[in-house]
Each structure stands twice: as structure tokens, then as C-alpha cells.
Amino acid sequence: MTETVEIPALLPALPEIVLAVGAMLLLMVGAFRGERATNGIDGTAILLLILTGLIVVWLPAGKLVTFGGSFVVDGFARFLKLLALTGSAVAILMSSNYLAAEKRRRFEYSILILLSTVGMMMLISAADLIALYLGLELMSLALYVLAAINLDSVRSTEAGLKYFVLGALSSGMLLYGASLIYGFTGTVSFAGIAKAASQGSPSQISLGLVFGLVFLFAGFCFKISAVPFHMWTPDVYEGAPTPITAFFAAAPKVAGIAMFVRTTIVAFPGVLTQWQQIVVFVAIASMALGAFAAIGQRNIKRLMAYSSIGHMGFALVGLAPGTETGVQGVLIYIAIYLAMTLGTFAVIISMRFYVFLAAIKAGLFTLAVIGVVTSVVGAYYYLAIVKIMYFDEPAKTFEPMPHELKAVLAVTGLFNLLFFIYPSPLIEAANAAAKSLF
């Protein structure tokens, strides 16, 4: 008797499949043609990311599920996948001239970004703990190699090693938390965890489940470089080549926030009080450390690292209420954050308004006040950069800005300006994406 094997519908995962297959083909081209293929691989990688974005847009509307419910494509996933793809494509575009000038061009660079992006997209769509971990590790392993890709630099090698060791530690904590959650709920799916956790009154929540949640959040905080698991960020940002630092500060943060939001909102709505305390503490600590530690920095990449830590704190302000409005605020914030990181630091007050509004509506007044105060402190080191640019004497003559960097700066600056003048399209898109989780 022949046993019937059911093959899962692969349409929801088509963007990831196309991107992964394309990355493998480019790897073969690079392996056979060597460094001569670098220019072609960089350009093809950008086109592949654009094609993947178009496939994400063309997928059928509504909620798509495959792989036994472990992979979900909804409005939330579509919104954040497009942001991650944009961040990766712009990172490759910004890197080409810099790496060529430094004589560090390697064909593996773009391929590693593609593979990391596949992991980000899987992470964004993960609907159970196993899929979440697979996506997280696929993203992270490529990032470890990227951090240490400059083999001639001791700082770069040290950055990659430090990132890898601490990343392995955080993955172990995350896995331990996931095993506790599985042990006390009997399932790894987010929907199953939510059902098991919501049984009984809030006072009857299992202590083992809460411990599992704490360890799971510890792993999440490391991946988005939130306090108190931020230690790796300044050293890795300083040691990695500058374009890679820009990439670290952009696309992986989008995937990390997506992981944080989907897990808390979908898997743990019944234990809001427990995880809200953790998120509020992490948000306050990240905003405070990011604002005050950045003031004394004299290295622009270390300053960007502390700025990134602070920004993740502001994003978590929107997550803390656990409401649709809060998730909408997080999505708006992360979209503007991506544009700012890749181009210019502008429209800071307008983008922070949405996460603070969600916190105020939920009655988290102390969190909102601390956020406003630390944003004022953060304005100091942004203005210090402007002072150095326009009022201090230059140390040496700068090279003219390459055309692709001019294009990135123009587009991101225009995006920020248009959001300030006409914010409705982004707000509506974020609102539709947030609704898909509730």
C-alpha cells in the first residue's frame, strides 16, 4: 500500500524560496568566477531583492498559512518584509564604492546579506517557536560572518568573534526559554501557547511559563540590542566595516522588532501583565542608556550604536500597551527609523509622537514622560554632529559623495519630509498591518 505524502502549499513562502535559490546561484557564480564576478553579483543581488519585494506585494491578499501553521503571511508580515528588503538593498547599494576604495570587495558580501535577509523574512513570518529559531539563526549566522569579513583588521575580527560568542549565549537563553514554554504549555505554536496561557485567571499563570517568558525575552533583547543585553553593540558597530555597521543598524532591527511584536501579541495576550512589566523596564533602561551614554562618545559608529539602543527603547514604548494602536505606533516608528538610519536623522519628534500616544492611551504615563525626557537628551548628540559638520574646521578634505549615496540620501530625506507633510499613507499602511495581529 502506497502511503500518501502531503506536500505543503509553497505559495506563501515563494519570496523566501526565490531569494534563497537566487543567493545559492550567485554563490556558485562567485565560487567559479572569483572576484571578477563581484560587480555583477552586487547588481544582481539588488535586482533579486527588488524581485522578491514585488513577489511579496503580488501574493494573494489576506492571511496565508503554510508548513502546518508555522509560517504566516499577513498584513503585518508584508509590511515588515518590504522594510527589511529595502534596508538590505540599500545597504548593498551604499557599500560598493566604499568597499572598492578600501580594496575590500568580496563577492561573498552581497550573498551573505541575501542569506541574512532570507532569515529575516522567515523570522517575520514565524508562527511557532521552531520557525522563529530557524529564522533567527539563519539571519544571525550570516551577520556574524559579515562583522568579521575584513580579515586584515584586528578590530573587525574581534567584532565578529565577540558577536558570535555573545550571540551563541543569547541563543542558548532563548532556547531554554522556549523549552520551558513548551514544557508548560505542551505546544510550540503561538496560537496553542496563547490558548494554554489564557486558561484560568491571571493569578494562576504558571511560574514556569513566566520563567520561560523571561529567558525568551532575554534572547529577543540581545537580537535588538536592548538593555541589559546591549553590551556587544558598541564594539561590534565600531569594529565592523562602516557599510556593514549601517546594515546592522537597519534591516536586522526590523526583523527583531517583528519577532518581538508577533510573539508577545499573538502568543502571550493572556499574560499581558507579566510581559508588560519586562517591556516597560527594558524600554526605560534602553532609552536612558542610549541617550546618556551617547553623549560622551567621540567615535561616530559607537554613537550610532548607542543611538540604536535608544531607538529600540522608543520602539518598545509602543509595544508595552499590547494594543492595536501601540503596534501601529511601532510600525510607523520602525519605518521612519529605517529611513533615518539609511539616510538622515530627521523628523525625530514627529515619529516618536505615535509610540508615546499609545503609551498614554494605555495609562503608562511614567513611561511616556521618561521617553520624552530621554528624546530631548538624545537631541544633544544629534545636534553635536550638526555642529561638527557645519561649524568646526574640517580635519581633511572629503572625497565627493558617490552618486548612489547621493541617491540614497535624497530618497530617505524626501521620505522623511513627505511623512512630516503628509503622513496618512504610512499611518494607514501601519494601521492595516497592525490590525492583522488582532
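These figures come from a predicted structure and were not determined experimentally.

What follows concerns the layout of surface pockets. For the second largest pocket, the calculated volume is near 370 Å³. Along the walls of the second largest pocket sit 17 residues, with L83, T86, L338, A339 and F415 positioned nearest its centre. Among the secondary structure elements, those contributing two or more residues to the lining of the second largest pocket are α3 (75-101), α14 (324-342), α17 (403-421) and α18 (424-435). Among the elements that make up the lining of the second largest pocket, the one with the highest residue count is α3 (6 residues).

At the junction of V227 and P228, the peptide bond is cis and its omega measures out at 10° in the coordinates. Following the sequence through the fold, P228 ends up in the loop between α8 (207-223) and α9 (232-239). Here F67, not a glycine, exhibits a phi torsion of approximately 55°, which is positive. By the secondary structure assignment, F67 is in the loop between β1 (64-66) and β2 (71-73). Judged by its relative accessible area of 38%, F67 falls in the partly exposed class. Despite not being glycine, S225 has its phi angle at roughly 55°, a positive value. Within the element layout of this structure, S225 appears in the loop between α8 and α9. Note on S225: relative accessible area 0%, which makes it buried.

Turning our attention to the pattern of salt bridges. For the structure shown, the criterion picks out 8 salt bridges. Across the pair E238 and R155 runs a salt bridge, and its minimum N-O distance is 3.3 Å. Here the residue E238 occupies a position in helix α9, and R155 occupies one in helix α6 (residues 154-185), the gap between them amounting to 83 residues. Here D235 ties to R302 by a salt bridge, and the two come within 2.9 Å at their closest N and O atoms. Residue D235 is located in helix α9, and its partner R302 is located in helix α13 (residues 300-319); the two are separated by 67 residues in the primary sequence.

Conventions used here
Residues numbered from 1 in each chain as written. Predicted model: local features only at pLDDT ≥ 70, side-chain atom pairs only at ≥ 80, totals over all residues. Heavy atoms only, no water. 1 Å grid on protein atoms, 1.4 Å probe; cavity = no way out; pocket = protein on both sides within 12 Å on 5 of 7 lines; lining within 4 Å. Points joined across faces, edges and corners; volume = space filled by probe spheres on them. Helix = DSSP H or I, 4+ residues; strand = E, 2+ residues; numbered from the N terminus. Buried < 20%, exposed > 50% of the residue type's maximum accessible area, 1.4 Å probe, protein only. Salt bridge = Lys/Arg side-chain N within 4 Å of Asp/Glu carboxyl O.

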